[in-house]
Amino acid sequence: MAKQRSRPTRRRDRKGGPGTGRRKSCPYCRDKVEFVDYKDIASLRKFVSDRGKIRSRRITGACRRHQNQIATAVKRARELALLPYVGADSRDERGRDRDRDRDRDRGDRDRDR
């Protein structure tokens, strides 16, 4: 009878990739804040990108409850003109979208080849 080789049991190697690491704790839970205030513009700006988009929970580290309150507070602050709807640098002086112009210029360059 042939001797059976035992295969070494493979464990998944945990190499510190982008998915590893500790999850950020919610800044509002950490400070024991019950409700997010729409008038607190300084703290709301941390949750809005430079283009004016509300950042996701994965990026901000906020819990589900406070992320919903943040979204509502940002929308309310925008409505009252405390926060901008769009980031200041997304349009040029003529009011046109910069990214669209840049993409159009790339297309012209490709056609010249």
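Parameters at a glance
- Every residue gets a number counted from 1 within its own chain, in the order that chain's sequence is written.
- Per-residue local features are limited, in this predicted model, to residues with pLDDT of at least 70; the limit for side-chain atom pairs, both in listing and counting, is 80 or more; totals at the level of whole chains, interfaces and linings are taken over all residues.
- For the side-chain quantities, the full set of heavy atoms in the structure was used; hydrogens and water were omitted.
- Pairing of aromatic side chains requires ring centres within 6.5 Å, counting the rings of Phe and Tyr and the six-membered ring of Trp. Pairs whose planes differ by under 30 degrees are stacked, by over 60 edge-to-face, and all others tilted.
- Only runs of H or I of at least four residues qualify as helices and only runs of E of at least two qualify as strands under DSSP, and these elements are numbered from the N terminus.
- Burial status follows relative accessibility: with a 1.4 Å probe on protein chains alone, a residue under 20% of its type maximum counts as buried, one over 50% as exposed, and anything between as partly exposed.
- For this analysis, a salt bridge means a side-chain nitrogen from Lys or Arg found within 4 Å of a carboxyl oxygen belonging to Asp or Glu.
- By definition, pLDDT measures how confident the predictor is in each residue, and it falls between 0 and 100.
- Grouping buried Ala, Val, Leu, Ile, Met, Phe, Trp, Tyr and Cys residues that are joined through side-chain atoms within 4.5 Å yields what is termed a nonpolar core.
- Pairs of residues are marked as contacts when any of their non-hydrogen atoms sit within 4.5 Å.
- Here, expected helix span is obtained from the residue count minus one, scaled by 1.5 Å.
- In the analysis that follows, any N or O atom pair within 3.5 Å is treated as a polar contact, provided that within protein one partner can donate a hydrogen and the other can accept it, and provided that, for residues neighboring in sequence, both atoms belong to side chains.

Glancing now at the packing of aromatic side chains. Counted according to the given criterion, the structure contains one aromatic pair. On the basis of an interplanar angle of 25° and a centroid distance of 5.8 Å, the ring pair of Y28 and F47 is categorised as stacked. On the criterion of sequence distance, the pair formed by Y28 in helix α1 (residues 27-30) and F47 in the loop between α2 (41-45) and α3 (57-60) is long-range, its members being 19 residues apart. On the basis of relative accessibility, which here comes to 9%, the residue Y28 falls in the buried class.

Let's shift gears to the pattern of salt bridges. All chains considered together, the criterion is met by one salt bridge. In this structure, E34 and R65 form a salt bridge, with 2.9 Å as the shortest nitrogen-oxygen distance. In this pair, E34 sits in the loop between α1 and α2 while R65 sits in helix α4 (residues 64-79), placing the two residues 31 residues apart along the sequence.

Moving on to the confidence of the model for the protein chain. Confidence in the prediction for the protein chain averages 81 pLDDT; 62% of positions are at 70 or higher. The element-level mean pLDDT for the protein chain is lowest in helix α5 (residues 98-112), coming to 62, with α4 highest at 96.

Membership of the largest hydrophobic core comes to 13 residues, with the highest contact counts inside it found for Y28, V36, L44, I70, V74, A77 and L83. Among the secondary structure elements, those contributing two or more residues to this core are α2 and α4. With sequence-adjacent residues up to four places away left out, V74 is seen in contact with L44, V48, I54 and L83.

Between the first and last C-alpha of α4 there are 23 Å, a value that for 16 residues agrees with the 22 Å anticipated at 1.5 Å per step. The inward-facing, buried residues of α4 abut α1, α2 and α3. In the stretch just after α4, A81 is the one whose phi turns positive, near 65°.

Assignment of secondary structure puts H66 in helix α4. A polar side-chain atom of H66 sits 3.0 Å from the main-chain carbonyl oxygen of V33. Not counting residues up to four positions away in its chain, the partners in contact with H66 are C26, Y28, C29, V33, E34 and V36.

Generally, phi is negative for residues other than glycine and the peptide bonds are trans, each holding for most cases. A positive phi angle, close to 55°, is found at K32, a residue other than glycine. Looking at where K32 falls in the secondary structure, it is placed in the loop between α1 and α2. Positive phi values are uncommon outside glycine, yet A81 reaches one of about 65°. Mapped onto the elements, A81 comes out in the loop between α4 and α5.

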